[in-house]
Amino acid sequence: PEFRSVSAHGQSDHTTTSRFPLASGAIMLGNRVTLGVSLSTLLDRTWETTRSGYNHFAADSVQFTETFESAGAINDVKLGTSVGVLSTRWLGVAADVYAGSNDLTINRTSQDTTVAVYNQSARLSYSGVGASAGLMWQPDPTVAIGVSGRLGGRMTSYRNDTTLSRATAPKRLGGSIAFTGLPGVVLAFRSDWEGWSSLDGLGTPAVVITNTWDYGGGAEFKGPSALGAPLALRVGYRHRGLPFEVDSSKITENTYSAGVGVLMAQGRSRLDVTVARAVRQGAPGITEHAWTIDVGIMLRP
């Protein structure tokens, strides 16, 4: 769940949202080949807001309430394989299939029967393809370096069976490094560039889309034992730019996180819990904060 608050020009609003879960699985074929599948969110559009207004009749006025709601996302289903090359390098390739929908609803209500009430709804669907590749290299047993990228193919939006618009799925290029040379400590850093501007034709001309950078780092420490195994204690930081501008202003987000990982079933499963605090800034007169609780489960049959 995500608990978000927004303040703008003396007024504030609060939301609680459960985001689409991430899932992945992998199986090894021999010692050097792995097949995998993952399901993640490319672009989430889940939100709801409410406004109040008045209908005026000569010298009289009647209040009404309108609720605007969007629920759904564009998801990325990735099918891939990786192959061990020599003893210190792994090469992976994957096909990306983008699919998803947004349910859009406008609902007007009023306690006064003289006000016209209505409900309007529409469903937008999306489909597209892409391709990803990556390389991991271990120049030393304590260092792992990874680079990866994605090329986007055609992406199309539909309303019912009618094609609305077409664009290109965003490109991505990123890298990461992990260091395990300190006893009981893992350090990691990653950075990504994402070409969101290629999605410009998928939305309305009023929405300005920009390319973004996303980078972060963290540390994992060996903690006290629980359930027969040491706990993994984690802290992290992330900075990213958001692809949509607000009033010609670019929006950035800083996230601070802390979490714990617990091994269970003699190391064949793991429970991870993380609490993150995010702060967005960039738009004049607007502040936005959020608390997010992430829960992850790993199973090794």
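Preceding block: the structure.
Reading the values: rules and limits
Residues numbered from 1 in each chain as written. Predicted model: local features only at pLDDT ≥ 70, side-chain atom pairs only at ≥ 80, totals over all residues. Heavy atoms only, no water. Helix = DSSP H or I, 4+ residues; strand = E, 2+ residues; numbered from the N terminus. Lys, Arg positive; Asp, Glu negative; His and termini not counted. Charge placed at Lys NZ, Arg CZ, Asp CG, Glu CD. Core = buried A, V, L, I, M, F, W, Y, C linked by side-chain atoms within 4.5 Å. Buried < 20%, exposed > 50% of the residue type's maximum accessible area, 1.4 Å probe, protein only. Contact = heavy atoms within 4.5 Å. Pairing = 2+ DSSP bridges. Phe/Tyr/Trp six-rings, centres within 6.5 Å; stacked < 30°, edge-to-face > 60°. Lys NZ or Arg CZ within 6 Å of the ring centre and 35° of its normal. Salt bridge = Lys/Arg side-chain N within 4 Å of Asp/Glu carboxyl O. Polar contact = N/O pair within 3.5 Å; in protein donor to acceptor, adjacent residues only side chain to side chain.

Enquirer: Could you clarify how one ought to interpret the overall build of the protein in this entry?
Expert: Each helix and strand counted, the protein has 0 helices and 17 strands in total. Its C-alpha atoms give the protein principal-axis dimensions of roughly 80 × 45 × 35 Å. Each charge class in the protein can be summarised by its mean position, and for the 26 positive and 24 negative side chains these summaries are 9 Å apart.

Enquirer: Before we go on, may I ask you to explain the nonpolar core in this structure?
Expert: For soluble globular proteins, the rule of thumb is that nonpolar side chains tend to be buried together. In terms of nonpolar packing, the biggest core is built from 13 residues, with L42, I74, Y98, M155, W196, L199 and L202 touching the most fellow members. Only β4 (33-44) and β8 (118-140) provide two or more residues apiece to this core. In this view, L202 contacts I74, Y126, M155, T156, S157, S165, R166 and A167; residues no more than four positions away in its chain are not counted.

Enquirer: I'm lost on the pairing of strand β11 (residues 171-179) in this one. Help?
Expert: For a regular strand, the rule is simple: side chains alternate between the two faces of the sheet. Across 8 bridges, strand β9 (residues 143-159) lies against β11 in antiparallel orientation. The residue of β11 that forms the bridge with A144 is A178. Judged from the 9 bridges that link them, β11 and strand β12 (residues 185-195) form a sheet pairing that is antiparallel. Note that in β12 the partner of G174 across the bridge is D192.

Enquirer: Even after reading the chapter, I still don't get the packing of aromatic side chains, so can you show me in this structure?
Expert: Here a ring pair, both rings aromatic, is described through the centre-centre distance and the interplanar angle of the planes. One pass over the structure, following the stated rule, counts 1 aromatic pair. Measuring from centroid to centroid gives 5.3 Å for Y237 and Y256, while their planes differ by 45°, and the two rings are tilted. Taken together, the residues span a long stretch of sequence, with Y237 in strand β14 (residues 229-241) and Y256 in strand β15 (residues 252-264) at a distance of 19 residues. In this structure, R32 is placed above the aromatic ring of W90, and the distance from its NZ or CZ to the ring centre is 4.8 Å. Positioned over the ring face of F64 is R108, at 3.7 Å from the centre of the ring.

Enquirer: Mind showing me how you'd approach the pattern of salt bridges here?
Expert: Note on pairing: side chains with opposite charge can pair once their charged atoms come close. As enumerated under the stated definition, the model contains 18 salt bridges in all. The partner of R4 in a salt bridge is E288, and the shortest N-O contact between them spans 2.9 Å. Taken together, the residues R4 in strand β1 (residues 2-8) and E288 in strand β17 (residues 286-299) connect sequence positions 284 residues apart. Salt bridges linked by common partners bring E2, R4, R240, E253, R280 and E288 together as one network.

Enquirer: What should I look at first to understand the side chain of S157 in this one?
Expert: Its location among the elements puts S157 in strand β9. Owing to a relative accessible area of 4%, S157 belongs among the buried residues under this scheme. A distance of 2.7 Å separates polar atoms of two side chains, one belonging to S157 and the other to S165.

Enquirer: When you look at the environment of D96 in this model, what are you seeing that I'm missing?
Expert: Mapped onto the fold, D96 is located in strand β7 (residues 89-109). Residue D96 is classed as buried on the basis of its relative accessible area of 2%. Each C-alpha atom of the pair D96 and N75 lies 9.8 Å from the other, and the pair is 21 residues apart in sequence. Sequence-distant contacts of D96, that is, excluding residues within four places in its chain, are made with D76, V77, K78, G128, V129, G130, A131, S132 and R150.

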